[in-house]
Amino acid sequence: MPDVVVRPARAADIRTIREIVRPLAESRVLVSKDAVTYYEALQEFRVAELDGLVVGCGALHVMWEDLAEIRTLAVRPEAKGSGVGGRLLDALVEDARALGLSRLFCLTFEVDFFARHGFEVIEGRAVDPEVYAELVRSYDEGVAEFLDLERVKPNTLGNTRMLRTL
């Protein structure tokens, strides 16, 4: 496997992260976000470097006391198949464990990739009614997607909701 280095993202990485995400957002594989959204979430992101170049990114967004979402996991086309995505996901899983979280959610078209990493397809509510009542107050679209709210249905277009217990 090539020498992949995964590290916390820095402000200077945001332009590159957006370049990596742009084609995936244009093809509606990932949700398009404004630049300010990336800067506001900087602490959630990790990047992967291959030979000193940033070739992938991913974020861990805490949703509740035991739950986080894997977001914006993306790899440049030329780096696919080199283990970059798996290394990023492993780092985000370790971040989740370090935060004391026990479940990870993702909304993805890459079902096989996430299944290989312990995620399972879910249907219906994945939280208790009391937690659902709290989460439904969130303005975050990712939380709305996790809750499977009707208002986000146009954004999900065939995505699969998956969950992993740590």
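The numbers attached to residues start from 1 for each chain and follow its sequence in the written order. Restriction of local features to residues with pLDDT of at least 70 applies here, the model being predicted, together with a cutoff of 80 or more for giving and counting side-chain atom pairs; totals for whole chains, interfaces and linings are based on all residues. Hydrogens and water molecules were not included; the side-chain quantities draw on all heavy atoms of the structure.

Student: Explanation requested: the sheet that holds strand E6 (residues 120–121) in the structure shown.
Tutor: Either a parallel or an antiparallel arrangement is found when strands of a sheet pair, and the pairing is made through backbone hydrogen bonds. Strand order in the open sheet formed by seven strands is E1-E2-E3-E4-E5-E7-E6, with mixed pairing between adjacent strands. Pairing within the sheet leaves two strands with one partner each, and these edge strands are strand E1 (4–8) and E6. Note on contacts: a residue pair is in contact if any heavy atoms of the two residues lie within 4.5 Å. To get an axis, a line is fitted to the C-alpha atoms, and for a helix only the part in contact is used. The angle between two axes follows their N-to-C directions and goes from 0 to 180 degrees. Only runs of H or I of at least four residues qualify as helices and only runs of E of at least two qualify as strands under DSSP, and these elements are numbered from the N terminus. Here helix H1 (residues 14–26) sits on the sheet in contact with strand E2 (45–50), strand E3 (53–64) and strand E4 (67–75), set at roughly 85 degrees to E3. In this fold helix H3 (residues 84–98) packs onto E1, E2, E3, E4, strand E5 (103–108) and strand E7 (160–165), with an angle of close to 30 degrees to the strand it touches most, E3. When DSSP locates at least two bridges between a pair of strands, those strands are taken to pair.

Student: Could you clarify how one ought to interpret the environment of arginine 97 in this entry?
Tutor: Among the secondary structure elements, arginine 97 is positioned in helix H3. Only protein chains enter the area calculation, which uses a 1.4 Å probe; residues under 20% of their type maximum are buried, those over 50% are exposed, and those in between are partly exposed. We classify arginine 97 as partly exposed; its relative accessible area is 39%. Along the primary structure arginine 97 and leucine 166 are separated by 69 residues, whereas in three dimensions their C-alpha atoms are 7.5 Å apart. Residues within four places of arginine 97 in sequence aside, it is in contact with Arg164 and Leu166.

Student: Where do I start with the packing of aromatic side chains in this structure?
Tutor: For any two aromatic rings, the description comes down to two numbers: the centre-to-centre distance and the angle of the planes. Here the aromatic set is Phe, Tyr and Trp, taking the six-membered ring for Trp, and pairing holds for ring centres within 6.5 Å; pairs whose planes are under 30 degrees apart are stacked, those over 60 apart are edge-to-face, and all others are tilted. Enumeration over the complete set of coordinates arrives at three aromatic pairs. Taken together, a centroid distance of 5.9 Å and an interplanar angle of 45 degrees make the contact between tyrosine 38 and phenylalanine 45 tilted. The two residues tyrosine 38 and phenylalanine 45 agree in class, both being buried. Both rings, one in phenylalanine 114 and one in phenylalanine 119, keep their centres 5.1 Å apart while their planes meet at 80 degrees; by these two values the pair is edge-to-face. Residue classification places phenylalanine 114 among the buried positions, given a relative accessible area of 5%.

Student: Where do I start with the nonpolar core in this structure?
Tutor: Within soluble globular proteins, side chains that are nonpolar generally end up buried alongside one another. Core analysis: the biggest nonpolar cluster contains 23 residues, and Ile70, Leu73, Val84, Leu89, Leu104, Phe114 and Phe119 have the highest contact counts within it. Secondary structure elements with two or more residues in this core: E2, E3, E4, H3, E5 and helix H4 (111–116). Among residues more than four places away in sequence, those in contact with valine 84 are Val4, Ala48, Val55, Gly56, Val75 and Ala79. The criterion is simple. A nonpolar core is a set of buried Ala, Val, Leu, Ile, Met, Phe, Trp, Tyr and Cys residues joined through side-chain atoms within 4.5 Å. Counting 16 residues, the second-largest nonpolar core is a separate cluster that includes Ala25, Tyr38, Phe45 and Cys57.

Student: When you look at H1 in this model, what are you seeing that I'm missing?
Tutor: Count 3.6 residues to each turn of an α-helix, and residues three or four apart come out pointing the same way. Helix span is expected to be 1.5 Å times the residue number reduced by one. Taking 1.5 Å per residue, 13 residues should reach 18 Å; H1 reaches 18 Å between its end C-alpha atoms and fits that length. Note that the bend at a residue is defined as the angle between axes fitted to the seven residues ending at it and the seven residues starting at it. By the largest-angle criterion, isoleucine 20 marks the main kink of H1, which is about 30 degrees, and a proline, proline 23, follows within four residues. Three or more residues of H1 are buried, namely Ile14, Thr16, Ile17, Ile20, Val21 and Ala25. Those residues of H1 that are buried lie in contact with helix H2 (35–40), E2, E3 and E4.

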